[in-house]
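Next come the chains, spelled out residue by residue.
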Amino acid sequence: MKKKLLALGLALSMCFSLVACGSDKKDEKKDESGQSASSSDDLAKIQDKGTLVIGVTDFEPMDYKDDKGEWIGFDADVAASFCESLGVEAKFVEIDWDNKILELEAGTIDCVWNGMTLTDEVTSAMSCSNAYCNNAQIVILPKDKADQYKTVEDMKGLVFAVEAGSAGESEAKANGLEYTAVNNQASALMEVAAGTSDAAIIDSLMAAAMVGDGTSYENLTYTVALNSEEYGVGFRKGSNLTEKLNAFLISAYEDGTLQKIAETYGVQAALIDQTANKTAE
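This structure is a prediction, so every number in the text was calculated from the model and none was measured.

A word on the overall build of the protein. Secondary structure assignment for the protein yields 11 helices and 13 strands. In the protein, which comprises 281 residues, the proportion classed as buried is 50%. Within the structure as shown, the protein displays about 12900 Å² of accessible surface, and the carbon and sulfur contribution to it stands at 45%.

With that settled, consider the packing of helix H4 (residues 74–86) against helix H11 (residues 257–265). Relative orientation of the contacting elements H4 and H11 amounts to 150°, with a least axis distance of 9 Å. It follows that H4 is roughly antiparallel to H11 by the angle criterion. Considering the relative orientation of H4 and H11, their crossing is right-handed. In contact with Phe 74, Asp 77, Val 78 and Ser 81 of H4, H11 contributes Thr 257, Leu 258, Ile 261, Ala 262 and Tyr 265.

The next point concerns the pattern of salt bridges. For the structure on display, the rule yields 6 salt bridges. Put simply, Asp 42 and Arg 236 hold a salt bridge, and the shortest N to O gap is 3.6 Å. With Asp 42 in helix H3 (residues 42–49) and Arg 236 in the loop between strand S13 (229–235) and helix H10 (241–254), the pair connects residues that are 194 residues apart, well separated along the chain. Of the two residues, Asp 42 and Arg 236, both sit in the buried class. Its salt-bridge partner being Lys 156, residue Glu 153 comes within 3.2 Å of it at the nearest N-O pair. Of the residues examined, Glu 153 reaches a relative accessible area of 58% and is grouped as exposed. Sharing partners across several salt bridges, the network here consists of Asp 42, Lys 49, Asp 110 and Arg 236.

Glancing now at the packing of H4 against H10. Following both chains from N to C, one finds H4 and H10 inclined at 110°, their axes separated by 11 Å at the closest point. It follows that H4 is roughly perpendicular to H10 by the angle criterion. Contact residues: Val 78, Ser 81, Phe 82, Ser 85 and Leu 86 in H4; Leu 241, Lys 244, Leu 245, Phe 248 and Leu 249 in H10. Among the residues making up the contact of H4 with H10, the classes are represented as 7 nonpolar, 2 polar and 1 charged.

Here we come to the packing of aromatic side chains. Here a ring pair, both rings aromatic, is described through the centre-centre distance and the interplanar angle of the planes. Enumeration according to the criterion identifies 6 aromatic pairs in this entry. Considering the side-chain rings of Tyr 132 and Tyr 231, the 6.3 Å spacing of their centres and the 50° angle between planes classify their relative orientation as tilted. Residue Tyr 132 is found in the loop between strand S6 (127–128) and strand S7 (133–135), and its partner Tyr 231 is found in strand S13; the two are separated by 99 residues along the sequence. Assessed through its relative accessible area of 3%, Tyr 132 is described here as buried. According to the relative accessible area criterion, Tyr 231 is buried, its value standing at 0%.

A few words now on H11. All buried positions along H11 are accounted for by Leu 258, Ile 261, Ala 262 and Tyr 265. For H11, the angular spread of the buried residues around the axis is 100°, confining them to a single face. Of the exposed residues in H11, those oriented more than 90 degrees away from the buried face are Lys 260 and Thr 264. For H11, the secondary structure elements touched by its buried residues are strand S2 (64–65), strand S3 (71–72), H4 and H10. Of the residues one or two after H11, Gly 266 is the one with positive phi, at around 70°.

We now examine the pairing of strand S11 (residues 199–203). Within a regular strand, the side chains alternate between the two sheet faces. In terms of burial, S11 is a largely internal element, 5 of the 5 residues being buried. Across 4 bridges, strand S8 (residues 137–142) lies against S11 in antiparallel orientation. Counterpart to Ile 138 in the pairing with S11 is Ile 202.

A word on the side chain of Asp 75. Within the secondary structure layout, Asp 75 lies in helix H4. The buried charged residue Asp 75 lacks any salt bridge, with Lys 100 as its nearest oppositely charged partner at 13 Å. When neighbours within four sequence positions are excluded, Asp 75 is seen to be in contact with Met 62, Asp 63, Trp 113, Asn 114, Gly 115 and Tyr 132.

Overall, the prediction assigns the protein a mean pLDDT of 87, with 85% of residues at 70 or greater. Across residues 1–38, confidence stays below pLDDT 50; counting only partners more than four residues off in sequence or on other chains, it has 64 contacts.

A few words now on the sheet that holds strand S9 (residues 159–163). What the 5 strands build is an open sheet, ordered S10-S9-S11-S8-S12; its pairing is mixed. Two strands lie at the open edges of the sheet, namely strand S10 (178–182) and strand S12 (220–225), each paired on one side alone. Taken pair by pair, the neighbouring strands of this sheet meet at an average axis angle of 35°, ignoring direction. Pairing between S9 and S10: 5 bridges, direction parallel.

Definitions and cut-offs
Residues numbered from 1 in each chain as written. Predicted model: local features only at pLDDT ≥ 70, side-chain atom pairs only at ≥ 80, totals over all residues. Heavy atoms only, no water. Helix = DSSP H or I, 4+ residues; strand = E, 2+ residues; numbered from the N terminus. Buried < 20%, exposed > 50% of the residue type's maximum accessible area, 1.4 Å probe, protein only. Areas by Shrake-Rupley, 256 points an atom, 1.4 Å probe, with all protein chains shown as cover. Axes fitted to C-alpha atoms, helices over the stretch in contact; angles between N-to-C directions. Parallel < 35°, antiparallel > 145°, perpendicular 65-115°, else oblique. Left-handed = near helix turned anticlockwise from the far one by under 90°. Contact = heavy atoms within 4.5 Å. Salt bridge = Lys/Arg side-chain N within 4 Å of Asp/Glu carboxyl O. Nonpolar A, V, L, I, M, F, W, Y, C, P; charged D, E, K, R; others polar. Phe/Tyr/Trp six-rings, centres within 6.5 Å; stacked < 30°, edge-to-face > 60°. Arc of directions from axis to C-beta. Pairing = 2+ DSSP bridges. Lys, Arg positive; Asp, Glu negative; His and termini not counted. pLDDT = per-residue confidence, 0-100.

Okay, structure coming up:
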């Protein structure tokens, strides 16, 4: 796996509409903090059923399937380790990324753990963990055309493929780029490789694993970095699982578990030191 890394939704109105479209809040039990019991006691809920249902997409090197059809990747392995610490099993469910907030609020998944950028939209709609990896949104182009497009202005005439509801789509909008939304970042790469899109915007961690010499897309390359960002895990608002995960991330960083898993998937350079969060917890 290529280990060279670049250095580096939904709007608030949808969040309010989710509340309006949900169950009748006047009949919902509240805990002492005023949060719904179903959210605040998520830990008891998942321990009772014995599984943590994790929303993912096909996103190498974070979450993807091996030859046996099992979910692996940095996020998948860390999630499995977290579940083991809670005495439950990890159940991975592939979701439409554009519907991640709807899936979470509906209770069809317990969390979103898939290289999720901590945007304002995400943090306002979910209870998010501390950041654990650095990332960036970068432009993917065919190698033989990369020299023609060195700035965002150069790319204004191109049609981009981006994952619907992703940080990549947000960057395309912010930079005034024409784009087509696809199901996931893997599909965005396929669009460029097939010539049905001129370029793509994807996560730098995925690009390092899948683009360039010795990868699945040797004829593609990554060029301009559009931003810098951080990954986190999202639970329902008021969930007590967030605090449990933050504590786990600190412990797993201190004992080397996170570093070992990161090295397996070539993302160690992007890993964020969790010990800085000890005093914040």
